[in-house]
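Examining the three-dimensional arrangement
Each chain, letter by letter, is given below.
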Amino acid sequence: AQSVTQLDSQVPVFEEAPVELRCNYSSSVSVYLFWYVQYPNQGLQLLLKYLSGSTLVKGINGFEAEFNKSQTSFHLRKPSVHISDTAEYFCAVSGRDSSYKLIFGSGTRLLVRP
Amino acid sequence: EPEVTQTPSHQVTQMGQEVILRCVPISNHLYFYWYRQILGQKVEFLVSFYNNEISEKSEIFDDQFSVERPDGSNFTLKIRSTKLEDSAMYFCASRRITTTNEKLFFGSGTQLSVL
């Protein structure tokens, strides 16, 4: 079984500042890792995913995340945020099987202030 | 980009009533899912559906819940007798094939409020 912990329920940041949203996972098997974003009144949209290969993955909207196996982390970063990045961000994990069942974290609300 | 459509966006019902949440997955997708998010809590897997049958379900998905693909386009979640604790945002999702680099598409959700 897998689990995901997002330690920060809300992260306030000023526009154009860098941000890091933290995600840690636990699993007894190898996993795939994902970050999803949810804008107000919209569905979940995939930001990026780690399947294999390079541990630094780049996603849409200038976001990137780094897989750290020893620390079981998959933190999301952006060097300079915009007001439009204000949203809920969910880290998710799935075991390396065919079910593609996602286990989500509790989410982090990114609040970008002018 | 193609979309998964969910209706209604918000549904209010009385405790004990039956509700049906509707989803129209992307047309060439073969795998379908329901997730839910109780306010302030994690997004939780409920059930996956493939080839007209349930392929996996969680502990949450008890006998009060059922899923159906009645006409080849819609994918529904039925809650037979709603409880207060069923109040949540319900997300439908679909994907095309089994390879894990195939993206899962989510709908915008149905907010269910049980009074």
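For the structure, check the block above.
The structure contained in this document is the topic of the report that follows.

About the criteria used
- Every chain begins its residue count from 1, and numbering advances along the sequence as written.
- For naming, the first written chain is A and the first written ligand is 1, with later ones following in the order written.
- Under the rules for a predicted model, residues below a pLDDT of 70 receive no local features and side-chain atom pairs below 80 are neither given nor counted, while totals for whole chains, interfaces and linings still include all residues.
- By convention in this description, side-chain values take in all heavy atoms of the structure and omit both hydrogens and water.
- The helix and strand labels rest on DSSP assignments: H or I over at least four residues marks a helix, E over at least two residues marks a strand, and numbering proceeds from the N terminus.
- Between buried and exposed lies partly exposed: a residue is buried under 20% and exposed over 50% of the maximum accessible area for its type, with that area taken using a 1.4 Å probe on protein chains only.
- Only heavy atoms matter for contacts: two residues are in contact if any of them lie within 4.5 Å across the pair.
- Polar contacts, as counted here, are pairs of nitrogen or oxygen atoms within 3.5 Å of one another; within protein the pair requires one atom able to donate a hydrogen and one able to accept it, and residues that are adjacent in sequence qualify only if both atoms are side-chain atoms.
- Whether two strands pair comes down to DSSP finding at least two bridges between them.
- The angle between two axes is taken between their N-to-C directions and runs from 0 to 180 degrees, where each axis is a line fitted to C-alpha atoms and a helix contributes only its stretch in contact.
- The definition of a nonpolar core used throughout is a set of buried Ala, Val, Leu, Ile, Met, Phe, Trp, Tyr and Cys residues joined through side-chain atoms within 4.5 Å.

**Digging into the environment of B:Lys42**
In this structure, B:Lys42 sits in the loop between β4 (31-37) and β5 (43-50). Residue B:Lys42 is classed as partly exposed on the basis of its relative accessible area of 34%. In this structure, B:Lys42 is in contact with A:Val4, A:Phe104, A:Gly105, A:Ser106, B:Arg36 and B:Gln37, ignoring residues within four places of it in sequence. In this structure the side chain of B:Lys42 is engaged in a polar contact, spanning 3.1 Å, whose partner is the backbone oxygen of A:Val4.

**Re the sheet that holds strand β7 (residues 65-68) of chain B**
Residues and elements named next belong to chain B. With respect to topology, four strands assemble into an open sheet ordered β1-β3-β8-β7, the strand pairing being antiparallel. Only two strands of the sheet have a single neighbouring strand rather than two, namely β1 (5-7) and β7. Each neighbouring strand pair of the sheet contributes to a mean axis angle of 20°, computed without reference to strand direction. Sheet topology note: the β1/strand β3 (residues 19-24) ladder contains three bridges and is antiparallel. Residue pairing in the sheet places Thr-5 in a bridge with Val-24 of β3.

**Notes on the nonpolar core**
Residues and elements named next belong to chain A. Among the nonpolar cores identified, the biggest contains 29 residues, and Trp-35, Leu-48, Phe-74, Leu-76 and Tyr-89 are the most heavily contacted of them. Among the elements of the structure, β2 (10-14), β3 (19-21), β5 (31-38), β6 (44-50), β8 (64-68), β9 (73-78), β10 (87-95) and β12 (108-113) are those that each provide at least two residues to this core. The contacts of Leu-76, once residues within four sequence positions are left out, are Val-19, Glu-20, Leu-21, Trp-35, Leu-47, Leu-48, Phe-63, Glu-64, Ala-65 and Tyr-89.

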